[in-house]
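This is what each chain is made of:
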Amino acid sequence: MEDNSVRDTSEPQGDQVEQTSQTQTNAPVKKRGSFTGKIGFVLAAAGSAVGLGNIWRFPYLAAKYGGGIFILTYVVLAVTFGFALMIAEIALGRKTGVSAINAFKKLNKKWAFLGVLCAVIPILILPYYSVIGGWVGKYFFTYLTGGGASAAGDKFFDSFIASPWQSLLFFAIFVTIVFVIVLFGVEKGIEKSSKFLMPALVLLTIGVTIYTLTMPDSWEGVKYYLLPDFKKFSVKTVLGALGQLFYSMSLAMGIMITYGSYMKKENKIESSVHQIEIFDTGIALLAGLMIVPAAFVFSGGNPETLGQGPGLMFVALPKVFETFGPVGGGILGALFFALVLFAALTSAISLMETVISIIMDKFSLSRRKSCVVAYVGTLVLGIFPALGFGVLSKVSISGKTILDMVDFLSNSVLMPIAAFLTCVFIGYVIKCRTITDEIELNGRFAMKKFFNVMIKYVCPIGIAAILITSILDAVGVFAL
Ligand code: PFF
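Owing to the predicted nature of the structure, the values given are computational and were not obtained by experimental measurement.

> Kindly report on the site of the ligand, identifying the contributing residues and their values.
Taken together, 15 residues lie near the ligand, and Ala 49, Gly 53, Tyr 129, Tyr 247 and Ile 255 sit nearest. Within the contact set of the ligand, an oxygen atom lies 2.9 Å away from a backbone nitrogen or oxygen of Ala 49. One of the backbone N or O atoms of Gly 53 is found 2.7 Å from an oxygen atom in the ligand. Relative to its free-state accessible area of 340 Å², the ligand is covered by the protein chains to the extent of 100%. Elements with a minimum of two residues in the shell around the ligand: helix H1 (38-49), helix H2 (52-64), helix H11 (235-248) and helix H15 (325-363). When grouped by side-chain class, the residues that make up the shell around the ligand number seven nonpolar, eight polar and no charged.

> Which residues make up the packing of helix H8 (residues 164-183) against helix H16 (residues 367-387), and what are the values?
H16 packs onto H8 with a crossing angle of 160° between their chain directions and a minimal axis gap of 10 Å. When the axis of H8 is compared with that of H16, the two are roughly antiparallel. Helix-helix and strand crossings are classified by hand; for H8 and H16 the assignment is right-handed. Facing Pro 164, Ser 167, Leu 168, Phe 171, Ala 172, Val 175, Thr 176, Phe 179, Val 182 and Leu 183 of H8, the residues of H16 in contact are Arg 367, Arg 368, Cys 371, Val 372, Tyr 375, Thr 378, Leu 379, Gly 382, Ile 383, Ala 386 and Leu 387.

> Tell me what's going on with the state of the cysteines, and back it up with residues and numbers.
Disulfides are covalent bonds that connect the sulfur atoms of two cysteines. Summed over all chains, the structure comprises zero disulfides. With no disulfide partner, Cys 423 has as its closest neighbouring cysteine sulfur the one in Cys 459, 4.6 Å distant. Owing to a relative accessible area of 1%, Cys 423 belongs among the buried residues under this scheme.

The rules behind these values
Residues numbered from 1 in each chain as written. Predicted model: local features only at pLDDT ≥ 70, side-chain atom pairs only at ≥ 80, totals over all residues. Heavy atoms only, no water. Near = heavy atom within 4 Å. Polar contact = N/O pair within 3.5 Å; in protein donor to acceptor, adjacent residues only side chain to side chain. Areas by Shrake-Rupley, 256 points an atom, 1.4 Å probe, with all protein chains shown as cover. Helix = DSSP H or I, 4+ residues; strand = E, 2+ residues; numbered from the N terminus. Nonpolar A, V, L, I, M, F, W, Y, C, P; charged D, E, K, R; others polar. Axes fitted to C-alpha atoms, helices over the stretch in contact; angles between N-to-C directions. Parallel < 35°, antiparallel > 145°, perpendicular 65-115°, else oblique. Left-handed = near helix turned anticlockwise from the far one by under 90°. Contact = heavy atoms within 4.5 Å. Disulfide = S-S within 2.5 Å. Buried < 20%, exposed > 50% of the residue type's maximum accessible area, 1.4 Å probe, protein only.

Right, dumping it as structure tokens:
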């Protein structure tokens, strides 16, 4: 393993993901930084990947899409589609040395539009990601101020998200914290603390999981979560798992291209990708194992409650914490939500940095002005999903709230399209060799044949088939 301890401090460090403007802009063009070593790269990429997607989104999707069958589909997709796409994006970034919006253009002018498509996705995600970040903030605050018992009440979550001022307030606080960190460029401190706070989150999750598994009925939940029931399998399961995969691994939105552009040539891409995938998937599986059986226990084994949707984590966990009594439960709840808040912040910071670099590149604004535009834009766009459970709850399409709709649009429509086009671009325009040569710069690419087949055939055909089938389903051509 590379030595990660010696750093050249004169260079901006990549784990801060410094977004350097590559086009002609008025912004001060800084020297492009790079990660000091493979560990630095893996940690930074995992820091962006591990967030609410793993802890909040994965468990509720697993519950919604039939438990074990979703997990199986997800893991299969992660080691095939996820692996190929992450390799492709990181190598593309390292080869071009520029962020997503310019990487495609640099290799082929006609494909500049794909960089723009990738750029739109984080702009869509950041506002509603921050709404959920606000929910976590609210729970943290409630536990901190001794309100743990009320947080475990049946109506607490629903009345909180329905209250316009509360959801707006906590959303605005979350975005403001992200903005201040990014504006003052103090992510470095955050990155440093993540080295011990993220392992603390994992340990706490393991502890809560073990505790929950000692409760009656929990094994029914574990069986539901882990044993696949093939009758529950449909194209919706695959689309749900695919969207979650992109979201969780920060794929198909240019993030990994940008990270790749900061990676040093001597670091190995293939083994880094294995490590990021194991990390990201491991934490998601663990979070599900904590939340799904807990939901089973407190509903008396009624799988209906698993259809909670986005509220699953917020409804199930306070009930677990409550069993520790007012003091123990209060401390546990505050600690848990503080750590989740931290994971959400690190991911939101990397999303906002991406949005800022897009604004700098496209509109030739300074970094400071771009920060303000990203902040105000996120605040405005986030109002809609924040109010979507209260005053705007009537705005819905086939039962989907505004938050669900944006989530579906980005994860289940735009990301698959971006991923499909990325495969076509690599497989048929610049050709797989451009990417595999980059990976082979420092040694053998063990899964090269597999990668080629995935990028040229399996991924594009698979993604197109899933997308078309689900669009036909959505417009009612046939029911799946
Ligand atoms: N991968 C993050 C998660 O699972 O929470 C979400 C995310 C963070 C996506 C940062 C994109 C990003 F830039």
